[in-house]
Amino acid sequence: MSSPRPTASTVAVIGGGPAGLMAAEQLAVHGVRVDLYDAMPSVGRKFLLAGKGGMNLTHSEPSEAFVARYGKRADRLAPMLQAFDAGALRKWAHELGIETFVGSSGRVFPTDMKAAPLLRAWLKRLRDNGVHFHMRHRWLGWDESMQLRFATPDGEVHVAPDATVLALGGGSWARLGSDGTWLPLLAAHGVATAALQPANCGFDADWSEHFRTRFAGEPLKGVTASCIDTDGTLRSRHGEFVITEGGIEGSLIYALSSFLRDCIAADGSATLTLDLAPGKSAERVREEVTHPRGARSLSSHLQSRVGIAGVKAGLLREALNKEAFADMELLAQAIKALPIRLTAPRPIDEAISSAGGVCFEALDNDLMLNAMPGVFCAGEMLDWEAPTGGYLLTACFASGRQAGLGALRHLQSAAG
């Protein structure tokens, strides 16, 4: 890395999200001319929208636990995440003038909780380092001579860079630019890809009209949710989620979404089991529920003895028939293990992120395509997924950095 390429070298970075911007930065600081292309009128649109509720940059948990969040792709992502971990990301943000703090959950945020100041400072630094931005340039693939094709407001243009970094995003939030239309363009050149699927998504459930009307939009707090994955492993998380008109969504559901999605794909449906009183043992709940209630109503009894009211009580009535609900033994069992049948994940365009994309087997360690030397891939277009909590952004930053440095090494190797 010590000998930068001459400024005559050019790299096209396609995609203006965190992965593309990070790749551009690695190249530009080493004297490479970088032309960054994006189909939208401005860069970082999904980044800005994700920051509206508080810009969760990364997570402070120990490295081993952090890397494990990436599931089956943890081994391939580990070197990138270790080279640019949460500490390095916080230092990078600090160098942009953005201070960060660790929240009570371990998540890391800018002190002002906003994405826009960070993006503005980052874009200024990129422009100061000579990165050229080309907006409203939609990538169309390659022409017969392997030049890049772009549709622009002024007509189609063709570009022949020395290397290309693709950071085109996944398939969620198409209105912000991540529409997955790139996948067949790569598959046509022999690149191994996996179909895009929703990740960190909600699910459909067959609610009754009464339950839907009464509880849609209600949060379900302080519960433990479990499911058995396709390998027969019990997966369990504690937290909260929201009842929707057609099913469920929210952070607790997102944490289990990959397992639920795969179960539905394999079996046609998935069973989510809820513990509505996780702070009490099954025996304690049985004792409380079967305790004589005298003249009190069952609703009042459940609320006072077990803390079951509102949407939790509504879920019990939704899942149990009248006879089972009146059987105190069965009711106690249901409070500790209430099965909810889920029939389908919500559409990919509603998902926070997506799984699928370019298979890691199609890439070398620098994220260069084996079938297309000089073409690198980064970010959510790679076939990995992770829960929310800063893990998605960190991997986008880290893989963008890896692809940018990989493109730099490729240029240096070509120069001899």
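Remember, predicted model here, so these are calculated numbers, not experimental data. (Residues numbered from 1 in each chain as written. Predicted model: local features only at pLDDT ≥ 70, side-chain atom pairs only at ≥ 80, totals over all residues. Heavy atoms only, no water.)

### Topic: the overall build of the protein chain
When helices and strands are counted, the protein chain shows 15 helices and 19 strands. Oriented by its inertia axes, the alpha-carbon framework of the protein chain measures out at about 85 × 40 × 35 Å. Burial statistics for the protein chain: of 416 residues in total, 51% are counted as buried. For the protein chain, the share of sequence-separated contacts (at least 6 apart) that also reach a separation of at least 24 residues comes to 70%. Only carbon and sulfur atoms are counted for the fraction: they give 50% of the accessible area of the protein chain, which is about 18100 Å². Side chains of the protein chain give 41 positive and 44 negative charges; the mean places of these two sets differ by 6 Å. (Helix = DSSP H or I, 4+ residues; strand = E, 2+ residues; numbered from the N terminus. Buried < 20%, exposed > 50% of the residue type's maximum accessible area, 1.4 Å probe, protein only. Contact = heavy atoms within 4.5 Å. Areas by Shrake-Rupley, 256 points an atom, 1.4 Å probe, with all protein chains shown as cover. Lys, Arg positive; Asp, Glu negative; His and termini not counted. Charge placed at Lys NZ, Arg CZ, Asp CG, Glu CD.)

### Overview of the packing of aromatic side chains
For the coordinates displayed, the defined rule picks out 12 aromatic pairs. Ring plane angle 80° and centroid distance 4.7 Å describe the contact between Trp92 and Trp122, whose orientation is recorded as edge-to-face. Placement of the pair is Trp92 in helix α5 (residues 86-95) and Trp122 in helix α6 (residues 116-128), with a sequence separation of 30 residues. Residue Trp92 is classed as buried on the basis of its relative accessible area of 5%. Pairing Trp207 with Phe211 gives two aromatic rings, centres 4.7 Å apart and planes at 50°, and the pair type is tilted. According to the relative accessible area criterion, Trp207 is buried, its value standing at 9%. (Phe/Tyr/Trp six-rings, centres within 6.5 Å; stacked < 30°, edge-to-face > 60°.)

### Brief notes about the sheet that holds strand β5 (residues 107-110)
Across the sheet, three strands lie side by side as β3-β5-β4; this open sheet has antiparallel pairing. Edge positions in the sheet fall to β3 (58-59) and β4 (100-102), since each of these pairs with one other strand and no more. Inspection of the sheet shows β3 paired to β5 by two bridges, in the antiparallel sense. In the sheet register, His59 faces β5, and the bridge partner there is Arg107. (Pairing = 2+ DSSP bridges.)

### Observations regarding the pairing of strand β9 (residues 155-159)
Relative to β9, strand β8 (residues 148-152) runs antiparallel, the two sharing five bridges. Across the sheet, residue Thr152 finds its bridge partner in β9, namely Gly155. The antiparallel hairpin formed by β8 and β9 contains two residues in its connecting segment.

### Considerations on helix α1 (residues 18-28)
With 11 of its 11 residues buried, α1 lies for the most part within the structure. Looking only at α1, the buried set comprises Pro18, Ala19, Gly20, Leu21, Met22, Ala23, Ala24, Glu25, Gln26, Leu27 and Ala28.

### Some words on the packing of helix α10 (residues 282-290) against helix α11 (residues 298-306)
Two elements in contact, α10 and α11, have axes whose closest approach is 9 Å; the angle formed by their N-to-C orientations is 140°. It follows from the interaxial angle that α10 and α11 lie oblique. The handedness of the crossing between α10 and α11 is right-handed. Along the contact surface, α10 presents Val285, Glu288 and Val289, while α11 presents His301, Leu302, Arg305 and Val306. (Axes fitted to C-alpha atoms, helices over the stretch in contact; angles between N-to-C directions. Parallel < 35°, antiparallel > 145°, perpendicular 65-115°, else oblique. Left-handed = near helix turned anticlockwise from the far one by under 90°.)

### Some remarks on the pairing of strand β17 (residues 338-345)
As judged from the three bridges shared by strand β12 (residues 203-205) and β17, these two strands associate in the antiparallel manner. Counted as the bridge partner of Phe203 is Pro345 from β17.

### Notes on the sheet that holds strand β10 (residues 163-166)
Read across the sheet, five strands follow the order β6-β2-β1-β10-β19 without closing on themselves; strand pairing throughout is parallel. Each edge of the open sheet is held by one strand with a lone partner, namely β6 (132-134) and β19 (375-377). Going across the sheet, the axis of each strand differs from the next one's by a mean of 20°, ignoring polarity. Of the strand pairs in this sheet, β10 and β19 are connected by three bridges, and their pairing is parallel. Within β19, the position partnered with Thr164 by the bridge is Val375. Docked against the sheet, α1 engages β1 (10-14), β2 (33-37), β6 and β10, running at close to 165° with respect to β2. Running over the sheet, helix α15 (residues 391-415) touches β1, β10 and β19 and is turned about 165° from β19.

### Things to note about unusual backbone geometry
Although it is not a glycine, Arg136 adopts a positive phi angle of roughly 55°. Residues other than glycine seldom take positive phi values, yet Met146 does so here, at roughly 65°. With respect to the helices and strands, Met146 occurs in the loop between β7 (138-142) and β8.

### Description of the environment of Val67
The residue Val67 is located in helix α3 (residues 63-68) in this model. Distance from Val67 to Pro79, taken between C-alpha atoms, is 9.6 Å for residues 12 residues apart in sequence. Setting aside residues no more than four positions away along its own chain, Val67 makes contact with Ala74, Ala78 and Leu81.

### Topic: helix α9 (residues 251-267)
Look at α9: 24 Å from first C-alpha to last across 17 residues, which is about the 24 Å you get at 1.5 Å a residue. The largest bend along α9 reaches roughly 60° and is located at Ser257. By the burial criterion, the buried members of α9 are Leu252, Ile253, Tyr254, Leu256, Ser257, Ser258, Phe259, Leu260, Arg261, Cys263 and Ile264. (Expected span 1.5 Å × (residues − 1). Bend = angle between axes of the 7 residues up to and from the residue.)

Any link to function would need more than the numbers given here.
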